[in-house]
Amino acid sequence: MPTAPGTAPTPRHPPADLAPGFLAGGVTGASLTALVGGFAVGVTPLVVTGLVLLALFGLFFLLVTRPRAAREAADVPRTSLAAIEEFEAAEGEASDVPVRFVLSVAPDDAPPFRVEMRQDVHLSELPGYRPRGVVVVEHPSRRPWKTRIVRRPTPWWEERAAVARVDPAPGPVLRHEVPNGCLGSLLPFLGLLLGVAAVLLLFRADLFGPPGDEGTPGRSVSSLSTDLGPR
């Protein structure tokens, strides 16, 4: 089945995708610090602050994730034929072996694209995969890098794959990558540290007492000595 040239879609990870992770880290650090510190020193405003932050974070999480989940649910996977460009199986003794594929996917009514994916394949099925072999795949229209090989296609698709020819697709290879590399992993941790620092700074008087005190908050060293002295 010859394919027509086209522009392959590319996964985009705008900087705005990093904001939820940073905010989640900040709110988590601030709320836990407020709750633990509030219970430790018996300061009610700290405990209330921690509870309010947790409630706001729960509301924010619902508002952010529900629309995304609805969009992904509406993105129904489509079935296409694909040619195997590269095939690399990892060594192992398990029955299911992780395999790296590079595929040229040829949708019936959309431009072809290339995608790199990893999928577990049973040892008994490995001989059925070979370079330039044609397989049946499923892929969401808006997220083609989530392509998966259909292990048990319907008879109609199985017959098409047996007689089809898929030409190599143009364009770059799509990969499901972590947004902005290490930055996407460091920002939540940075937000966590900033959240902890913000609570310690704003409530330092309640947590550590006025400057110069060496005893517990609200009690001076002289009063402690009087309490511990001989009766």
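Structure shown above.
This report concerns the structure included in the present document. (Residues numbered from 1 in each chain as written. Predicted model: local features only at pLDDT ≥ 70, side-chain atom pairs only at ≥ 80, totals over all residues. Heavy atoms only, no water.)

Section: unusual backbone geometry
Here is step 1: The phi dihedral of Arg132 falls on the positive side, at around 70 degrees, and the residue is not glycine.
Here is step 2: On the secondary structure map, Arg132 appears in the loop between β3 (113–122) and β4 (134–139). (Helix = DSSP H or I, 4+ residues; strand = E, 2+ residues; numbered from the N terminus.)

With respect to the packing of aromatic side chains
Here is step 1: This model, assessed by the stated rule, comprises four aromatic pairs.
Here is step 2: Plain terms: the ring middles of Phe87 and Tyr129 are 6.3 Å apart, the flat faces sit at 15 degrees to each other, and that makes the pair stacked. Taken as a pair, Phe87 in strand β1 (residues 78–89) and Tyr129 in the loop between β3 and β4 lie far apart in primary sequence, 42 residues in all.
Here is step 3: Looking at Tyr129, the relative accessible area reads 13%, which means it is buried.
Here is step 4: Taken together, the aromatic side chains of Phe87, Phe101 and Tyr129 make up a single cluster linked through ring pairs. (Phe/Tyr/Trp six-rings, centres within 6.5 Å; stacked < 30°, edge-to-face > 60°. Buried < 20%, exposed > 50% of the residue type's maximum accessible area, 1.4 Å probe, protein only.)

Regarding the pairing of β4
Here is step 1: Counted residue by residue, β4 has five buried out of six residues, so it is predominantly covered.
Here is step 2: The pairing of β1 with β4 spans six bridges and is antiparallel. Within the sheet, the bridge partner assigned to Arg78 lies in β4 and is His139.
Here is step 3: Of the strand pairs in this sheet, β4 and strand β5 (residues 148–149) are connected by two bridges, and their pairing is antiparallel. Across the sheet, residue Val137 finds its bridge partner in β5, namely Ile149. (Pairing = 2+ DSSP bridges.)

Re the pattern of salt bridges
Here is step 1: The full count for this structure, using the stated rule, is eleven salt bridges.
Here is step 2: For the salt bridge of Glu125 with Arg151, the shortest nitrogen-to-oxygen distance reads 3.3 Å. Here Glu125, found in the loop between β3 and β4, pairs with Arg151, found in the loop between β5 and α3 (155–163); they are 26 residues apart in sequence, far enough to count as distant.
Here is step 3: A salt bridge links Arg165 to Asp167; its shortest N-O distance comes to 2.5 Å.
Here is step 4: On the basis of relative accessibility, which here comes to 49%, the residue Arg165 falls in the partly exposed class. (Salt bridge = Lys/Arg side-chain N within 4 Å of Asp/Glu carboxyl O.)

A look at a nonpolar patch on the surface
Here is step 1: A grouping of Phe22, Leu23, Leu59, Phe60, Leu63, Val64, Leu190 and Leu194 is seen on the molecular surface, where their side chains present a nonpolar patch of about 670 Å² in accessible area.
Here is step 2: For the nonpolar patch, the secondary structure elements donating two or more residues are α1 (19–41), α2 (44–74) and α4 (183–202).
Here is step 3: No other element matches α2, which puts four residues into the nonpolar patch.
Here is step 4: Looking at the element boundaries, Leu23 is found in helix α1.
Here is step 5: By relative accessible area, which is 40% here, Leu23 ends up partly exposed. (Patch = residues over 30% accessible without salt bridge, like charges linked within 9 Å, V, L, I, M, F, W, Y side chains within 5 Å. Areas by Shrake-Rupley, 256 points an atom, 1.4 Å probe, with all protein chains shown as cover.)

Concerning the side chain of Glu116
Here is step 1: Tracing the chain through its elements places Glu116 in strand β3.
Here is step 2: Judged by its relative accessible area of 12%, Glu116 falls in the buried class.
Here is step 3: There is a polar contact of 3.0 Å between the side chain of Glu116 and the side chain of Arg118. (Polar contact = N/O pair within 3.5 Å; in protein donor to acceptor, adjacent residues only side chain to side chain.)

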